[in-house]
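Reading the structure
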Amino acid sequence: MTARAAGPAVVLQAASLCLQYPDDAVRATFPLARSAVATLPAGRPRERLTAFLDHALATPPGRLAEHYVEVFDRRRRCCLYLTWWTDGETRRRGGALAGLKQRYRAAGLEWDSAELPDFLPAVLEYGATADLADGLAVLQEHRAGLELLRLALLDARTAYAAPVEAVCALLPGPSPADVAGARALARTGPPQEQVGLELAPFPPGGPR
């Protein structure tokens, strides 16, 4: 991997760790992730990942775990499964998940996890360790949902918004400032983005 490619890979790997349930094994990786992030050039990804990792390392383990459950398990709008944003709970989603498994297989990975292949930390891990270009392409294809997740996390005032902000900062163009801007990406982006977003509309007053 070239030095130029190593930067995005570090961002994706660190964000993947940050967005997993913080059990003892995941928390044990945070100091190493913090050291790797410190080698990144100055910019939004480094700043946001540093902010989250400093927060996570300073938070008691039980409190961080409880907060993770509160954010990602109890808030429908903070969904970490990318195809949920585009396909919802429809039969189309099965085809999208199969397509992701096929992409992983093409890169030499056999998907044998209990998690779905569209789980954001898994996609980030794929980009960081298997195929950086295709990992970034998957994220770009799901940019609208990723931005809606970012906005929902910001609305929830959670530190977990920071690693998602870091990932969004790797993708072309600025992040949209609001829900309308994020949804507009579904109309202007790749065909697979045009299916969803209406399946998971925000209620009046914003995400919850």
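If you're wondering where the values come from, they're calculated on a predicted model, not measured in any experiment.

Take the confidence of the model for the protein next. On average, residues of the protein score 86 in pLDDT, and 87% of them are at 70 or above. Ranking the helices and strands of the protein by mean pLDDT puts helix α3 (residues 44–58) first, with 98, and helix α11 (residues 179–188) last, with 74. Ignoring residues within four places in sequence, the model shows residues 189–208, a span with pLDDT below 50, making 53 contacts including any to other chains.

Time to look at unusual backbone geometry. A positive phi angle, near 55°, is found at Arg157, a position not held by glycine. Along the chain, Arg157 turns up in the loop between α9 (143–155) and α10 (161–170). Take Arg157: its relative accessible area is 75%, and that puts it in the exposed class.

Taken as a whole, helix α8 (residues 132–141) has its buried residues at Leu132, Asp134, Gly135, Val138, Leu139 and Glu141. For α8, the capping residue at the N-terminal end is Asp131, with a side-chain oxygen 3.3 Å from the backbone nitrogen of Ala133.

Membership of the largest hydrophobic core comes to 54 residues, with the highest contact counts inside it found for Phe72, Leu120, Leu139 and Leu146. The contacts of Leu120, once residues within four sequence positions are left out, are Leu19, Leu80, Leu82, Leu139, Leu146 and Leu149.

The subject of this paragraph is the pattern of salt bridges. Summed over the entire model, instances satisfying the criterion amount to 13 salt bridges. One salt bridge in this structure joins Glu47 and Arg44, with 3.6 Å as the shortest N-O distance. Linking Glu47 with Arg44, this pair stays in helix α3, spanning three residues, or about one helical turn. Accessibility expressed as a relative area gives 38% for Glu47, which makes it partly exposed.

Another point: helix α2 (residues 24–37). Across its 14 residues, α2 extends 20 Å between first and last C-alpha, which sits within 8% of the 20 Å expected from 1.5 Å per residue. A maximum bend of about 35° is found in α2 at Pro31. For α2, every residue scored as buried is listed here: Val26, Arg27, Phe30, Ala33 and Val37. Where α2 starts, the residue carrying a side-chain oxygen 3.2 Å from the main-chain nitrogen of Ala25 turns out to be Asp23.

Counted under the stated rule, the structure contains 10 aromatic pairs. Ring geometry for Phe72 and Tyr160: centres 5.2 Å apart, planes at 75°, overall edge-to-face. Separated by 88 residues along the polypeptide, Phe72 in helix α4 (residues 61–73) and Tyr160 in the loop between α9 and α10 bring together distant segments of the chain. Judged on exposure class, the residue Phe72 and its partner Tyr160 are both buried. When the ring of Tyr104 is compared with that of Trp111, the centres are 5.4 Å apart and the planes differ by 35°; the resulting orientation is tilted. Aromatic rings pair up to connect Tyr21, Phe30, Phe52, Tyr68, Phe72 and Tyr160 into one cluster.

Mapping Asp134 onto the fold places it in helix α8. Asp134 sits in the buried class, given a relative accessible area of 17%. In contact with Asp134, not counting residues within four places along its chain, are Arg103 and Tyr126.

What counts as what
Residues numbered from 1 in each chain as written. Predicted model: local features only at pLDDT ≥ 70, side-chain atom pairs only at ≥ 80, totals over all residues. Heavy atoms only, no water. pLDDT = per-residue confidence, 0-100. Helix = DSSP H or I, 4+ residues; strand = E, 2+ residues; numbered from the N terminus. Contact = heavy atoms within 4.5 Å. Buried < 20%, exposed > 50% of the residue type's maximum accessible area, 1.4 Å probe, protein only. Polar contact = N/O pair within 3.5 Å; in protein donor to acceptor, adjacent residues only side chain to side chain. Core = buried A, V, L, I, M, F, W, Y, C linked by side-chain atoms within 4.5 Å. Salt bridge = Lys/Arg side-chain N within 4 Å of Asp/Glu carboxyl O. Expected span 1.5 Å × (residues − 1). Bend = angle between axes of the 7 residues up to and from the residue. Phe/Tyr/Trp six-rings, centres within 6.5 Å; stacked < 30°, edge-to-face > 60°.

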